Amino acid sequence: MKRVVSFLFALMTIALFSGNTVMAASEIDIDKDHVQDGYVSIRFSKDTTDKVKLLVQSGDTKYYYNLSASDEYVNFPLQMGDGQYTVAIYQNTSGTKYRKLTSTSFTVDITDEQSIYLNSIQEVDFDDEDGAVQLANQLAQEALVEKRTETGDWSAQLTSEELIQLYYDYVVKNIKYDYQKISTLSYNYLPDNDVTLATGTGICYDYSSLLASMLRSQGVPTKLVKGYTSWTSVYHAWNEIYLESEDRWVIVDTTYDSYLYLRDRAYSFEKSAEVYSKTKEF
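What comes next is a walk through the structure. The shown structure was predicted, so the numbers you read here are calculated from the model rather than taken from an experiment. Here the residue numbers are simple positions, counted from 1 along each chain's written sequence. pLDDT decides what is reported in this predicted model: residues at 70 or higher carry local features, side-chain atom pairs at 80 or more are listed and counted, and totals for whole chains, interfaces and linings draw on all residues regardless. Hydrogens and water are ignored here; the side-chain numbers use all heavy atoms of the structure.

Looking now at the sheet that holds strand S5 (residues 52-58). At least two bridges found by DSSP between two strands are what make those strands a pair. Helix and strand labels come from DSSP, where a helix needs a run of H or I of at least four residues and a strand needs a run of E of at least two; each type is numbered from the N terminus. Here 4 strands make up an open sheet; going across it, the order is S6-S5-S8-S9 and the pairing antiparallel. The two strands at the open ends of the sheet, each matched to only one other strand, are strand S6 (61-67) and strand S9 (97-108). If you compare each strand with its neighbour and ignore which way they point, the axes differ by 20 degrees on average. The pairing of S5 with S6 spans 7 bridges and is antiparallel. Paired with Val 52 across the two strands is Leu 67, which belongs to S6. Orientation is described by lines fitted to C-alpha atoms, with helices fitted over the stretch in contact, and by angles between N-to-C directions that extend from 0 to 180 degrees.

Printed below as a string of structure tokens:
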């Protein structure tokens, strides 16, 4: 019995080796409990100044994410369809070279693919205490009271399209572009809804994360998309929102529309796919 206990203890405390890198197993956890819901949860708690990358791969498609040390679990989407996935964590050794610390593989079979875009993830991070969620709830409640008062129907509910328009209008009219911020960002910058709302400013990444957080919190599937558009020469971020009544996704760019709104120029909710080229979606 003592031998068995000693062996189990050794397994629990064993480190993960890759080359000369040693990583205690307790400092990394890849939680696969929710892969059928469209996300995997990562805890990387090692205190290191080295860059750390997460790879999520399915088939030939790969997504890389920056990881920061934290005792909290962070969710990452599995948006590449059903099938076999590999998740791996790499630590920078020098220059552009990375060493694998750990990896795992699993099969994903999601019943409702749209549900992937309802989850809180690293790029669209929200919970009940988040300012974006509280604002979304407040705006929805006010709009619902107004609708019921105008119609006289106190059983009326807001449609998803009404919620979409409500939050879209808010972001466009209340968030201003921060032209200085882009030059000071760290390589692993992530949007913070509370900061965006407190300052009333942000970059395209902040705009699209805020809108996605608000809509997802109300059950409206929303993507955060990165890529290029003819509106600007730099890497850009925007949203794709699912219209339930029409069973289709539409491109929405609150950053560009906010720019037009502040200059009293006409703008439209839906954008043409012809002028947007996405490289990633979350």
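Anyway, onward from the coordinates.
For the rest of this paragraph, the subject is the pairing of strand S8 (residues 83-94). Two faces make up the sheet, and in a regular strand the side chains alternate between them. Where S5 and S8 come together, 6 bridges link them in antiparallel fashion. Looking at the pairing, Val 56 lines up with Val 87 of S8. In the sheet, S8 pairs with S9 via 11 bridges, with the strands oriented antiparallel. Bridging across to S9, Asn 92 finds its partner in Tyr 98. In sequence, S8 turns back onto S9 through a hairpin of 2 residues, with Gly 95 there showing a positive phi of about 55 degrees.

Turning next to the pairing of strand S12 (residues 222-229). Along S12, 7 of the 8 residues are buried, which leaves the element largely enclosed by surrounding structure. Here 7 bridges tie S12 to strand S13 (residues 232-243), and the two strands are oriented antiparallel to one another. When the bridges of S13 are listed, Gly 227 appears paired with His 236. In sequence, S12 turns back onto S13 through a hairpin of 2 residues. In this sheet, strand S15 (residues 276-281) lies alongside S12 in antiparallel orientation, the contact comprising 5 bridges. Considered in S15, the bridge of Tyr 228 is made with Ser 277. Partly exposed describes any residue whose relative accessible area lies between the buried limit of under 20% and the exposed limit of over 50%, with all areas from a 1.4 Å probe on protein chains only and scaled to the type maximum.

Further remarks concern the nonpolar core. The term nonpolar core refers to a set of buried residues drawn from Ala, Val, Leu, Ile, Met, Phe, Trp, Tyr and Cys, joined through side-chain atoms within 4.5 Å. Within the largest apolar cluster, 34 residues are counted, with the highest numbers of intra-cluster contacts made by Ile 42, Leu 54, Val 56, Leu 67, Leu 78, Val 87 and Ile 89. Of all the elements in the fold, those that place two or more residues in this core are strand S3 (28-31), strand S4 (39-44), S5, S6, S8, S9 and helix H5 (204-217). Only heavy atoms enter the contact rule, under which two residues are in contact if any of them lie within 4.5 Å. With residues near it in sequence (within four places) discarded, Leu 78 still touches Val 35, Gly 38, Tyr 39, Val 40, Val 56, Tyr 85, Phe 106, Val 108, Ile 110 and Ile 116.

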